[in-house]
Amino acid sequence: MRNIRRGSGRPLLLVHGLGSSREGWSLVLPALAEHREAIAVDLPGHGDSPSEHDSGTFAGLARSLEQWLLAEGLSGVDMVGSSLGGRLVLEMARRGLSGAAVALDPGGFWQGWERHFIKTSLMTSGVLLRSLRPLLPTLAQSAPARSLLLAQLASRPWDLDADLISKELASFAGTPTFDALVQDLAYGPAQQGPAAGNAGPVTIGWGRHDRLCLPVQAERAQKIFQGSRLVWFERSGHFPMWEQPTETVACILEGTSQPRASATD
């Protein structure tokens, strides 16, 4: 998987969400790199990483991420993920492949009617963005247009960084596995837990105004990942690193502050 590395020190892996890329971390990456070696990856089928045969499923992305971790010698690395990436981080913790894990508004905890809601919301957004693709760079520069396009994802979409949103909207529109992943995520198995005994501590962060992964799902996630810490972002929607970057950096650094004990400790 393609990746960028910034800073030095103990590694910290950053895993983006559905339709995004490593660029989605741009508002928090410099601050994290002041303390850690921050490694931001492009998942298969996203950004600069080509799709693999099973990249249209959560299980396929989890397989790819696990194999990459082992190949890179990063098993046990501290991780932070957003949305789909947050669920992948929790899955790596469940498998005992993570150090400390911070999951921001992770998917996989919807129930009942919420499954249809997540599919309809994301499919509709995908169709809209693909139809507007030539206009997205211009629309992203307009606060009213950002407000309309990102009303479900942000509490204050008009305040979002225009250049970041331009890249993110283009990435959403250009992700070849988007529709397949939406179908799989909406109706596939729910996320399982808890974290394996050799994984590090788990922190679950949630935007209080998330209108995609609804806040009621946060308590489900915390119950499944027993002993996890739940952090609320009071002025954020689905992407705390976009709306509350300073608080997000603090949450990540606090949640990954302790090195995982080795087998000999």
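Whatever comes next refers back to the structure up there.
What counts and what doesn't
- Residues numbered from 1 in each chain as written.
- Predicted model: local features only at pLDDT ≥ 70, side-chain atom pairs only at ≥ 80, totals over all residues.
- Heavy atoms only, no water.
- Salt bridge = Lys/Arg side-chain N within 4 Å of Asp/Glu carboxyl O.
- Helix = DSSP H or I, 4+ residues; strand = E, 2+ residues; numbered from the N terminus.
- Buried < 20%, exposed > 50% of the residue type's maximum accessible area, 1.4 Å probe, protein only.
- 1 Å grid on protein atoms, 1.4 Å probe; cavity = no way out; pocket = protein on both sides within 12 Å on 5 of 7 lines; lining within 4 Å.
- Points joined across faces, edges and corners; volume = space filled by probe spheres on them.
- Nonpolar A, V, L, I, M, F, W, Y, C, P; charged D, E, K, R; others polar.

Let us look at the pattern of salt bridges. With the rule as written, the count across this model stands at 19 salt bridges. Across the pair Asp-48 and Arg-22 runs a salt bridge whose closest N-O atoms are separated by 3.0 Å. Taken together, the residues Asp-48 in the loop between strand S3 (37-41) and helix H2 (58-71) and Arg-22 in the loop between strand S2 (11-15) and helix H1 (29-33) connect sequence positions 26 residues apart. Given the relative accessible area of 15%, Arg-22 is considered buried. Of the charged contacts in the structure, one is a salt bridge between Arg-229 and Glu-254, with a shortest N-O distance of 3.6 Å. Placement of Arg-229 in strand S7 (residues 229-233) and of Glu-254 in helix H11 (residues 245-255) is noted, with a sequence separation of 25 residues between them. Under the relative-accessibility criterion, Arg-229 is labelled partly exposed at 30%. What makes Glu-254 exposed here is its relative accessible area of 53%.

As a volume, the largest pocket reaches approximately 450 Å³. Lining the largest pocket are 28 residues, and of these Leu-122, Ser-125, Leu-153, Phe-178 and Leu-212 sit closest to its centre. Of all elements in the fold, only helix H4 (113-131), helix H6 (143-149), helix H7 (162-174) and helix H8 (178-187) reach the threshold of two or more residues within the lining of the largest pocket. Residue contributions to the lining of the largest pocket peak at eight residues, all from H4. The class makeup of the residues in the lining of the largest pocket is 19 nonpolar, nine polar and no charged. Approximately 230 Å³ is the volume found for the second largest pocket. Contributing to the lining of the second largest pocket are 17 residues, with Ser-21, His-46, Gly-47, Asp-48 and Ser-171 lying nearest its centre. When the residues that make up the lining of the second largest pocket are grouped by side-chain class, the tally is three nonpolar, eight polar and six charged.

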